[in-house]
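Spelled out from the first residue to the last, the chains are:
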Amino acid sequence: MKILLIEDEPTVARFIQKGLIESGHSVEYADNGKHGLSHALTAQFDVIILDRMLPQMDGIEVLSSYRSEGILTPTLILSAKNKVDDKVKGLRAGADDYLTKPFAFEELLARIEILASRNVPTANTKLTLGELELDLINRTVTRGKEVIDLQSKEFKLLEYLMLNPGKIITRAMLLEKVWEYNFDPQTNVIDVHISRLRNKIDKGFSYPMIETIRGAGYMINKR
Amino acid sequence: MRAITAYTKSSSFVVSFFFIFLLMLGVGFNSYTLSVANDDLLIRETQAAIQSDLGGFRSLYNSSGRKAVQQAVDERVSSYANDFLYYFKDQQDQYIAGNLAQWPKDNIALVKNGVLDIQATLAQNSPQKRHKSKGTEERAIAMIIEFNNGDSLLVARSVQDIDFAVTIAQTSSWVMIVIVFVLAISSLGVAYYVVSRINKIAETADAIITTGNLSDRLYVESDWDDLSKLTLVLNQLLDQIEMSVRAITAVSDNIAHDLRTPLTRLKGHIEELDNSNDKGRLLNECDNILAIFNSLLRISDIESSTKISGFSPVRLDEIVEDAVDLYSPLVEAKNITLHYEADSIADFIGDRDLLFQSFANVLDNAIKFTPDNGKIDVKLKQQDRQVVFSVDDSGAGVSAASFSKLTQRFYREEKSRSTSGNGLGLALVNAIVSLHNGRIWFEPSRISNSAGLRCAFTLVSA
């Protein structure tokens, strides 16, 4: 994947760049808003990581500039500010995701990979993964021939996992997408929800579909 | 420090009352001596002078007769320094000598022991010094002596001066009473002013202690008096304390911040290790440390943030319900009976994510410390302008001495050290509650027959 990183803090930039390269991505790096914008306007990228606070040109300005030029590259905004209005501003200017510093690198990586695959919107009313089928209209789930009865949060959990098969979904992402809160659980409450979901969709079947990725989150796989 | 509620317990009021009492005592004594005692004394003195004069005349008359007395009276009258009044007459009321215009007829009152209170008029030809009173009546004290052959001598002395002195004394007494009255009122006013200003200082200090908001300052009205200077000095003290506390927090934040990168690298190295048994444990430890650092940074981030940014109208009861919903698997796993009751609270202005975090942390604690088959009560109530959120549990509880320490960073009770957690959860709640102008407190649980803890906090819509 080709990623553009616009970040002024050298230590943070180095940390992200190194991690991305180690994960097999190629990274172009700009340390201020103006350079970042010219990169975004001249080359094609799969994802842009954009810092909110930049010298010379603010992150939001950079984003709205290239969006107005018709460049729709998925963009994740990084911000040191844990403020809702900042987030709203960023999303309004056309950002696709938002991550506040401090963050774990796994979190960033998971989000970028989801962003890059988001270009194909699902018009389907049914999600299918191997023998697992989720009907978004009737709100039913079947695995093989068995109908599985899920509670509404369990359904939303599975829906989000199935929208991103084979990709790591972090606990914070689940909280954000399923519960719609950006918060930091003190305990393993998400794990308990996942284990309840597993009890319903994996227990008694020949192989498990939901996999735990240690230190990162969860992933749903075909096989 | 507590505000002074009863003004009588303030030293300035006690001192004021004491001085007012002393002043009144002084003025009372002064008035008494001037108006009553002096009056009597002067009259008695006058009487004695008249009496001795009369005694002289009596012996002169007895030894030398009328002529000698007439001569003596004339001599006295012609003397400029004399201030006695005389009227010497014979049996037929014929004038013989003296400086009075006439024998007093009306307005004669007997005082006592033959002393008369008369209105006397000085004769026009009198050479005496009191020119002004010539021809006009003045009050005088008089005594009369009758000699053997029917001659009578009246000796009098004007008490106009004494009257005047008494009037002055009375007036001055009144003036002093008025002064004391004014002094009393103004000193009570000053005492009230001082006490109310001290109360203001005490209230602010109290607020700083209860909310822990070190950026609060005492109100400075002016800078001319001692109390304002004290206020300024106390404010400087607060500045210093705030700076030191900030410096300490900044240092710990920097440590947390700077250690995060090497820790992440360390985690990467562990990840690269061949799959050994220790790998999972090491990774978990790394994650725990990273989580602590992140929590610390989050708390200081919230503590330093300004109130309005990030706030939007939210439905509080829905947020509480979501938190209860999120934790329901944990509640069910321990077979806990959770009772949930919430007033419908729409249009609360606050930070949705942070509010959720605060409810979740308190719930999380309650579930963690409640044994299997226990009870938890969750309540959200609108009380006037503020909202009260409370969670009662039927766990082992916390000793009352530790209540105030529960919101300190890294504080964990001895008996809870074995459970999971890092002692930052309630510190985070405290920061969030302060951000929403609220207050957090702890009490024994209200669930009957339980030793559990009640955690409650207020929130105020921005």
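Above: the structure in question.
For clarity, every value in this text was computed on a predicted model and none was experimentally measured.

(A) Just the overall build of chain B, in detail. Counting its regular elements, chain B contains 8 helices and 13 strands. Taking all 462 residues of chain B together, 42% fall into the buried category. Intrachain contacts of chain B at a sequence separation of at least 6 include 63% that bridge at least 24 residues. When the accessible surface of chain B is split by element, carbon and sulfur atoms take 56% of a total near 25100 Å².

(B) Representation of the interface of chain B and chain A in the model. The interface of chain B with chain A comprises 37 residues on the first partner and 26 residues on the second. Applying the counting criterion to the chain B and chain A interface returns 2 salt bridges. With a shortest N-O distance of 2.8 Å, B:E332 and A:R196 are connected by a salt bridge. Elements with a contribution of two residues or more to the side of chain B that touches chain A: α4 (226-272), α5 (277-304), α6 (316-333) and α7 (352-369) of chain B.

(C) The arrangement of the packing of aromatic side chains in detail. In the structure shown here, the tally under the stated rule is 14 aromatic pairs over all chains. Both rings, one in A:F183 and one in B:F356, keep their centres 4.7 Å apart while their planes meet at 90°; by these two values the pair is edge-to-face. Of this pair, A:F183 sits in the loop between α7 (171-179) and α8 (189-201) while B:F356 sits in helix α7, which puts the two residues in different chains. Taken as a pair, A:F183 and B:F356 share a single burial class, namely buried. The aromatic ring of B:W103 is capped on one face by B:K89, whose charged end is 4.0 Å from the ring centroid. Sitting over the face of the ring of A:Y181, B:R352 holds its NZ or CZ atom 4.0 Å from the ring centroid.

(D) Up close: unusual backbone geometry. Residue and element names in this part refer to chain B. Look at N373: it is not a glycine, yet its phi comes out positive at around 65°. With respect to the element layout, N373 can be found in the loop between α7 and β10 (375-383). With relative accessibility at 56%, the residue N373 sits in the exposed group. For D384, which is not glycine, the phi torsion reads 55° and is therefore positive.

(E) How the structure looks around the nonpolar core. Counting residues in hydrophobic clusters, the biggest one holds 73 residues, and the most contacted among them are A:L158 and B:F359. In terms of residues, this core owes the most to one element, α6(B), which gives 9 residues. Contacts of A:L158, omitting those with residues within four sequence positions, involve A:L132, A:L134, A:V141, A:L150, A:L197, A:I201 and A:I220. By size, the runner-up hydrophobic cluster in this structure holds 24 residues, among which are B:V77, B:F88, B:L153 and B:V159.

(F) Quick peek at the layout of surface pockets. Reported here for the second largest pocket is a volume of approximately 740 Å³. For the second largest pocket, the lining is made up of 25 residues, of which A:G19, A:E22, A:F105, B:T264 and B:G268 are closest to its centre. At the level of secondary structure, the elements contributing two or more residues to the lining of the second largest pocket comprise α1 (10-22) and α5 (105-117) of chain A together with α4 of chain B. Per-element tally for the lining of the second largest pocket: the top contributor is α4(B), with 8 residues. Taken together, the residues that form the lining of the second largest pocket break down as 7 nonpolar, 8 polar and 10 charged.

(G) Inspection of helix α8 (residues 425-435) of chain B at higher detail. Residues and elements named next belong to chain B. Counting buried positions along α8 gives 9 out of 11 residues, so the element sits mostly inside the fold. For α8, the set of buried residues is G425, L426, A427, L428, V429, A431, I432, V433 and L435. Where α8 is buried, its residues contact α5, α7, β12 (440-444) and β13 (453-460). A positive phi of about 55° marks N437, the residue just after α8.

(H) Representation of the sheet that holds β13(B). Residue and element names in this part refer to chain B. Read across the sheet, 5 strands follow the order β8-β10-β11-β13-β12 without closing on themselves; strand pairing throughout is mixed. For this open sheet the edge positions go to β8 (337-342) and β12, each flanked by a neighbour on one side alone. Across the sheet, the axes of successive neighbouring strands diverge by a mean angle of 15°, strand direction being ignored. One ladder, built from 7 bridges, connects strand β11 (residues 386-393) with β13; its direction is antiparallel. When the sheet's bridge partners are listed, V387 is paired in β13 with L459. The strands touched by α7 within the sheet are β8, β10, β11 and β13, with β13 carrying the most contacts at an inclination of about 175°.

(I) Molecular detail of the side chain of A:D51. Its place among the elements puts A:D51 in strand β3 (residues 47-51). Those residues in contact with A:D51 that lie beyond four places of it in its chain are A:I6, A:E7, A:D8, A:G59, A:L78 and A:K101.

Parameters and conventions
Residues numbered from 1 in each chain as written. Chains lettered and ligands numbered in written order. Predicted model: local features only at pLDDT ≥ 70, side-chain atom pairs only at ≥ 80, totals over all residues. Heavy atoms only, no water. Helix = DSSP H or I, 4+ residues; strand = E, 2+ residues; numbered from the N terminus. Buried < 20%, exposed > 50% of the residue type's maximum accessible area, 1.4 Å probe, protein only. Contact = heavy atoms within 4.5 Å. Areas by Shrake-Rupley, 256 points an atom, 1.4 Å probe, with all protein chains shown as cover. Salt bridge = Lys/Arg side-chain N within 4 Å of Asp/Glu carboxyl O. Phe/Tyr/Trp six-rings, centres within 6.5 Å; stacked < 30°, edge-to-face > 60°. Lys NZ or Arg CZ within 6 Å of the ring centre and 35° of its normal. Core = buried A, V, L, I, M, F, W, Y, C linked by side-chain atoms within 4.5 Å. 1 Å grid on protein atoms, 1.4 Å probe; cavity = no way out; pocket = protein on both sides within 12 Å on 5 of 7 lines; lining within 4 Å. Points joined across faces, edges and corners; volume = space filled by probe spheres on them. Nonpolar A, V, L, I, M, F, W, Y, C, P; charged D, E, K, R; others polar. Pairing = 2+ DSSP bridges. Axes fitted to C-alpha atoms, helices over the stretch in contact; angles between N-to-C directions.

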